[in-house]
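One letter stands for each residue in the lines below.
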Amino acid sequence: MEHLTAFRGMELFRDLTDDEIALAASLCLEETFKDGETILEEGVRATGLYFIVTGSARVLMSVRGESRHALAELHAGDHFGEMSLVTDDATAAAVRAEGETVCVHLPKDGFLTLLEDHPTIGRKMLWAFVQSLSRRLAQADRSLARALFLREKRAAISHLLSVIWLQARMIASYLWVWFRARVLRWPMSEESLSRVHRRNALRFKETAFRLKGANVKIGQLASMQSHILPVEYVQEFRDMRDAVPPTEYPLIASLIQAELGMGPLDLFDQFEKTPLAAASMAQVHVARLKTGEKVVVKVLHPGLERSVRIDLGLMRLLCRVLRGLVSKKLDLMQILREAEEPLLRELDLNHEAQSTETLARELAPLGVIVPRVHWRFTTRRVLTLDYIDGTKIDNVPQLKAWEVDREKLMATYLRAFLRQALEGGFFHADPHPGNVLCTRDGKLALLDFGMVKRLPDHVRSGLMKELFGAFFANPKLYVDGLIEKGAMGEADRRAVEEFAAKAFNDPDTRRMIFDHDVKSKGELMGLLNVTSSLLKGLSTFRTPPDNLMFMRALGIVTDVAREVLPEKTPSQIATPVLMPVFTGFLAQHPEYLALTSQAPPVM
């Protein structure tokens with residue numbers, strides 16, 4: 001073979017005679033690669049051993065949340081891909097040609113033939129590449145460790161500066177709006193103000209998509225606050241429910257290999273490289289087990305832990321700054337602590353797997369579908385579940401095409417939430433449309449149990465009384481709930497009962513509270529001012545613990561009901577769901593019966 005002389009100088013053939021080298025060389029193929037062309041791709045099964053005859057190449061490995069890092073440079077005489085001669089594992093690194101590079105390729109099949117027909121030659125080659133591989137791996141480990149440290153440090157600084165820059169630009173733009181209107185007496189037109197809202201919404205969305213984590217969670221929640229936020233924010237943030245830009249496949253493959261010991265192409269019979277969906281904390285790939293079951297594999301975004309730590313740190317700083325600007329009775333740090341708990345739990349998918357199984361048992365009597373966990377393929381950063389075929393619950397055109405009874409679907413959706421929270425005390429705290437499906441036969445399916453919350457018994461009981469007291473216009477029951485959950489004391493009972501009697505019997509107030517139907521900003525500000533005045537006058541009010549996630553989830557459920565079934569108000573949907581539960585409650589607590597009207601006001 002024409003490259004026989006080059007082979008003699010290679011480390012891999014140092015113990016072979018000229019005849020043995022010639023025999024091995026006869027099984028090889030010559031391949032030429034252009035500058036920048038990939039010789040070996042990370043995350044795919046290699047096809048054999050390569051020797052560089054002329055030119056050079058770089059060994060690249062994906063580093064968490066960043067582009068690929070160059071581990072080593074290869075030159076004429078070097079070899080790579082040696083492990084593929086003896087294993088079917090996917091490669092852990094890529095090799096890219098630098099300039100025109102000529103390689104000689106020894107296919108795996110050829111080497112196995114050599115090992116079988118000429119075992120002496122095969123054993124000599126194996127011993128040589130084991131020795132060279134050990135030295136190379138030691139060098140690569142040191143290089144990768146340095147790269148990870150430096151990239152993590154740079155990524156943390158970049159993340160921090162990105163969020164600060166985003167907040168500064170948004171604050172500055174609205175300060176200018178305020179300055180024009182209040183100081184210069186030159187208010188913006190509706191069109192100009194709309195452009196400011198749109199620009200800031202886009203700024204936030206682009207930054208959140210790039211950083212992922214807590215910022216996307218904020219955007220998802222904001223996308224459902226059409227009764228509070230400008231329409232431009234709601235429109236732009238809709239994409240954040242389940243259209244987050246995905247992490248590239250090589251990073252995902254590397255993370256799966258690190259967590260499960262093998263790459264996705266080795267673990268699964270099939271694995272879709274393009275994700276089915278990408279969200280704030282993770283993305284989901286469709287796969288098929290070697291036993292034939294179709295599954296979804298949820299993988300946390302690389303670098304997510306760093307992102308969440310930075311975002312939470314900034315939120316703590318913001319809460320400390322705002323603590324002196326808002327009512328002293330509102331404990332912002334208590335609210336933040338409650339928001340932190342489920343967010344941090346989402347960083348460990350083992351918790352989600354356990355929550356999935358717990359709530360599957362809880363919801364089975366309602367006919368709600370929850371995917372089964374495959375523990376063999378589940379770790380802290382990887383979760384494998386049964387695949388559920390359906391459409392997002394807010395895909396109204398598809399629901400209509402399937403002739404789904406949307407009123408029944410929404411009733412089940414609300415009933416499932418209330419059963420979890422008020423009966424069991426353990427509930428799915430993030431039931432937005434990206435986490436809720438409807439199957440073709442109209443059944444409800446809940447996904448993504450990463451954000452869950454367990455309510456202490458006194459909080460669960462207090463929330464039940466508060467909800468029933470408000471919805472069924474029972475002031476005493478409402479205040480009893482507030483006191484039981486720890487929001488206030490007996491000294492303020494009379495003032496709050498008077499407020500409740502007026503508010504929950506007023507059609508306009510009920511419309512805003514229970515149906516999230518706000519006719520104008522002035523109407524909303526009026527309600528907020530009345531509530532704020534009441535709060536200031538209470539001597540015993542304190543921010544109740546373990547309350548935020550329930551209120552957040554209830555708000556999401558209300559907004560989803562508005563989207564999916566606009567023909568009816570959420571309170572109209574809720575009445576037949578709540579009535580039998582409330583009737584059972586009154587049977588156990590007859591002291592409230594005399595204070596309850598025959599039927600609640602329904603919009």
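Since the model is a prediction, treat every value here as computed from it, not as a measurement.

How each quantity is defined
Counting restarts for each chain, with residues numbered from 1 along the sequence as it is written. Only residues with pLDDT of at least 70 are given local features in this predicted model, and only at 80 or more are side-chain atom pairs given and counted; all residues enter the totals for whole chains, interfaces and linings. The basis for every side-chain value is the complete set of non-hydrogen atoms in the structure, without hydrogens or water. Helix and strand assignments come from DSSP, with helices taken as H or I runs of at least 4 residues and strands as E runs of at least 2, each series counted from the N terminus. Residue burial is assigned from relative accessible area. The probe radius is 1.4 Å, only protein chains are included, and a residue is buried under 20% of its type maximum, exposed over 50%, and partly exposed in between. Note on definitions: a residue-residue contact is assigned when non-hydrogen atoms from the two residues lie within 4.5 Å. Per-residue accessibility takes into account occlusion by the displayed protein chains alone, with areas from the Shrake-Rupley method and a 1.4 Å probe. Any two strands with at least two DSSP bridges between them are considered paired. Here the aromatic set is Phe, Tyr and Trp, taking the six-membered ring for Trp, and pairing holds for ring centres within 6.5 Å; pairs whose planes are under 30 degrees apart are stacked, those over 60 apart are edge-to-face, and all others are tilted. As a reminder, the over-ring test applies to NZ of lysine and CZ of arginine, requiring each to be within 6 Å of the ring centre and within 35 degrees of the ring normal. For helices, the axis comes from a line fit to the C-alpha atoms of the stretch in contact; other axes are also lines fit to C-alpha atoms, and the angle between any two N-to-C directions lies between 0 and 180 degrees.

**Some remarks on the overall build of the protein**
Inference 1: Across its full length, the protein carries 21 helices and 16 strands.
Inference 2: Taken across its 603 residues, the protein has 52% of its residues classed as buried.
Inference 3: Of all intrachain contacts in the protein linking residues separated by at least 6 positions in sequence, the fraction that spans at least 24 positions is 70%.
Inference 4: Total accessible area on the protein stands at roughly 27,900 Å², and carbon and sulfur atoms take up 56% of it.

**Considering the environment of Gly 469**
Inference 1: When you line up the elements, Gly 469 lands in helix 15 (residues 457-471).
Inference 2: Separated by 12 residues in the primary sequence, Gly 469 and Gly 481 place their C-alpha atoms 7.9 Å from one another.
Inference 3: Not counting residues within four places of it along the chain, the set of residues in contact with Gly 469 comprises Asn 474, Leu 477, Tyr 478 and Phe 504.

**Some words on the pairing of strand 10 (residues 294-300)**
Inference 1: In terms of burial, strand 10 is largely enclosed, as six of its seven residues are buried.
Inference 2: Here strand 9 (residues 282-288) hands over to strand 10 after five residues, with Gly 292 in that stretch at a positive phi of 105 degrees.
Inference 3: In this sheet, strand 11 (residues 382-386) lies alongside strand 10 in antiparallel orientation, the contact comprising five bridges. Within the sheet, the bridge partner assigned to Val 297 lies in strand 11 and is Thr 384.

**Some details on the packing of aromatic side chains**
Inference 1: Here the structure, examined in full by the defined rule, presents 18 aromatic pairs.
Inference 2: Between Phe 427 and Phe 550, the aromatic rings sit 6.2 Å apart at their centres with planes inclined by 85 degrees, giving edge-to-face as the arrangement. Taken together, the residues span a long stretch of sequence, with Phe 427 in strand 13 (residues 426-428) and Phe 550 in helix 20 (residues 548-564) at a distance of 123 residues. Taken individually, Phe 427 and Phe 550 each receive the classification buried, so the pair is uniform in this respect.
Inference 3: For the pair Phe 504 and Phe 514, a centre-to-centre distance of 6.1 Å together with 45 degrees between the ring planes defines the contact as tilted. Here Phe 514 lies in helix 18 (residues 507-515) and Phe 504 lies in the loop between helix 17 (493-503) and helix 18, a separation of 10 residues in the sequence.
Inference 4: Phe 514 sits in the buried class, given a relative accessible area of 13%.
Inference 5: An aromatic cluster is present here, built from Phe 468, Phe 471, Phe 472, Tyr 478, Phe 504, Phe 514, Phe 582, Phe 585 and Tyr 592 joined pairwise through their rings.
Inference 6: One cation-aromatic arrangement involves Arg 510 over Phe 471; the distance from NZ or CZ to the ring centre is 5.5 Å.

**What to know about the sheet that holds strand 15 (residues 444-446)**
Inference 1: Across the sheet, which stays open at both edges, the three strands sit in the order 12-14-15 with antiparallel pairing between neighbours. A strand with exactly one partner marks an edge of an open sheet, and here the two such strands are strand 12 (391-392) and strand 15.
Inference 2: Pairing between strand 14 (residues 436-438) and strand 15: three bridges, direction antiparallel. The partner of Val 436 across the bridge, within strand 15, is Leu 446.
Inference 3: Packed onto the sheet, helix 14 (residues 406-424) meets strand 14 and strand 15 and runs at close to 40 degrees relative to strand 15.

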